[in-house]
Amino acid sequence: MQKIELFKRGRGINMIKKIINILIVMSMLFNCTSFAMAVTEKELEKSQATQVLLMLDIINGYEDNTLKLDKYITRAETAAIIIRIAGLENAVKWLEKADKQVRIKSRQRLNKIFNDVSTEHWAIDYIDLAYWEDIVKGVGDKKFKPDDNITYEDLVTMIVRTLGYEHNVRKIGDYPEAYLSVAKDIGILEGVNLELGDFVKRSDASQMIFNCLTIELMAQVSGLEPKWIIDENSNLLVDRLEIDRNYGKIDNIEEGNVFINDTVYKKGPTNAEKYRGFEVCFYYVENEKGEKTLLILEKKT
């Protein structure tokens, strides 16, 4: 049997550490008067995406306790998010704690590749890792433009590469049209209505990142004739972020609790009522008390 080599670098997220209470998140998103922005209907539709990414520490708020979902996301911020979903956050933390000379050499190396990324830039280690993982390639002329707003096609390109679908892109064309085509085919663009050249708001970025979490990864099969396959059992949640996945039937829902296979799960950000009585694939996290909270529900096919 051929061996499937998955790009598996689980960052070993300690889910026992910090699971944001769903009620707090809901309050922050919908009720909190400290929010400096008005939450639009479009953003409310994306609330599950935002909540899940918050729970996984994929996205972070600002110092004023807002998410600024209407704010455009920068190329540096995108690189950080991509590294997190790729399961490489621990590598960044290692670099931050590494010997001073190691950090200096690493940052000077990247500065030679992208001369507009200061060695003191907050995202330099994220950009460094994204570059060496072939996820980002800059904008030409040794520039990365970390603080520029990212375009729709560039964010899509980063996500497609992270999922391993570069092989499919090369078969049908080049940047940016081929990346957008592949992204549409595999489900990255669901719930997003953007056009070529558009800057991406944090709300739309959250939706695309959320969409990609459960998409099967493409992997290379080792052998005399290397092949690329889609591994139906792998995705970013399971293989990179080490989130638990299970299957079962939703038997009952009451008072925010969902009963699956005689086990109680907190409803979390999911629309569990939609799947009552159905067999589902579900992802969940567990806290120190052994309480399980659902992240994502999908109807089992």
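Residues numbered from 1 in each chain as written. Predicted model: local features only at pLDDT ≥ 70, side-chain atom pairs only at ≥ 80, totals over all residues. Heavy atoms only, no water.

The sheet contact formed by strand 7 (residues 279-286) and strand 8 (residues 292-299) spans seven bridges and is antiparallel. Paired with Y283 across the bridge in strand 8 is I296. Taking the residues between adjacent antiparallel strands as the criterion, strand 7 and strand 8 are bridged by five residues, where G290 takes a positive phi near 85°. (Pairing = 2+ DSSP bridges. Helix = DSSP H or I, 4+ residues; strand = E, 2+ residues; numbered from the N terminus.)

To continue, consider the side chain of R75. By the element assignment, R75 lies in helix 4 (residues 75-85). We classify R75 as buried; its relative accessible area is 6%. Engagement of the side chain of R75 in a polar contact is seen with the side chain of D154, the distance being 3.0 Å. Excluding its chain neighbours within four sequence positions, the residues that come into contact with R75 are G138, V139, F144, K145, P146, D148, N149, I150 and D154. (Buried < 20%, exposed > 50% of the residue type's maximum accessible area, 1.4 Å probe, protein only. Polar contact = N/O pair within 3.5 Å; in protein donor to acceptor, adjacent residues only side chain to side chain. Contact = heavy atoms within 4.5 Å.)

Here we come to the pairing of strand 3 (residues 227-231). With five bridges connecting them, strand 2 (residues 217-221) and strand 3 associate as antiparallel partners. The residue of strand 3 that forms the bridge with A219 is I229.

Let us look at the packing of helix 4 against helix 11 (residues 202-212). Closest axis-to-axis distance for the helix 4/helix 11 pair is 12 Å, and the angle between their directions is 20°. Overall, the two elements helix 4 and helix 11 adopt an arrangement that is roughly parallel. Between helix 4 and helix 11 lies a crossing whose hand is right-handed. Counting all contacts with helix 4, which are made through E77, I81, I82 and I85, the residues of helix 11 involved are R202, I209 and C212. In the contact of helix 4 with helix 11, the residues fall into five nonpolar, no polar and two charged. (Axes fitted to C-alpha atoms, helices over the stretch in contact; angles between N-to-C directions. Parallel < 35°, antiparallel > 145°, perpendicular 65-115°, else oblique. Left-handed = near helix turned anticlockwise from the far one by under 90°. Nonpolar A, V, L, I, M, F, W, Y, C, P; charged D, E, K, R; others polar.)

The next thing to look at is the confidence of the model for the protein chain. For the protein chain, per-residue confidence averages 85 on the pLDDT scale, and 85% of positions sit at 70 or higher. By mean pLDDT, strand 1 (residues 4-5) is the weakest element of the protein chain at 31, and helix 8 (residues 152-162) is the strongest at 98. Counting contacts from residues 1-46, a segment whose pLDDT is below 50, to residues more than four positions away or on other chains yields 102 contacts. (pLDDT = per-residue confidence, 0-100.)

This part is about helix 11. In terms of residue burial, helix 11 counts as a mostly covered element, since 11 of its 11 residues are buried. Every buried residue belonging to helix 11 is among R202, S203, D204, A205, S206, Q207, M208, I209, F210, N211 and C212, and all of these are buried.

Below, the discussion takes up the pattern of salt bridges. Throughout the structure, instances matching the rule amount to nine salt bridges. The partner of D125 in a salt bridge is R107, with the nearest N and O atoms 3.0 Å apart. With D125 in helix 7 (residues 124-132) and R107 in helix 6 (residues 100-113), the pair connects residues that are 18 residues apart, well separated along the chain. Look at D125 and you get buried, because its relative accessible area is 5%. Put simply, E166 and R161 hold a salt bridge, and the shortest N to O gap is 3.4 Å. On the accessibility criterion, R161 (17% relative accessible area) is buried. (Salt bridge = Lys/Arg side-chain N within 4 Å of Asp/Glu carboxyl O.)

Further remarks concern the packing of aromatic side chains. Applying the stated criterion across every chain yields a total of nine aromatic pairs. On the basis of an interplanar angle of 85° and a centroid distance of 5.5 Å, the ring pair of F114 and Y131 is categorised as edge-to-face. Of this pair, F114 sits in the loop between helix 6 and helix 7 while Y131 sits in helix 7, and the two are 17 residues apart along the sequence. Under the relative-accessibility criterion, F114 is labelled buried at 3%. (Phe/Tyr/Trp six-rings, centres within 6.5 Å; stacked < 30°, edge-to-face > 60°.)

This part is about the packing of helix 8 against helix 11. In the contact formed by helix 8 and helix 11, the axes pass within 11 Å of each other and the chain directions differ by 20°. On the basis of the axis angle, helix 8 is roughly parallel to helix 11. Where helix 8 crosses over helix 11, the two elements pack in a sense that is right-handed. Contact with helix 8, carried on its side by Y152, L155, V156 and I159, involves A205, M208, I209 and C212 of helix 11 and no other residues of that element. Residue classes in the contact of helix 8 with helix 11 are distributed as eight nonpolar, no polar and no charged.

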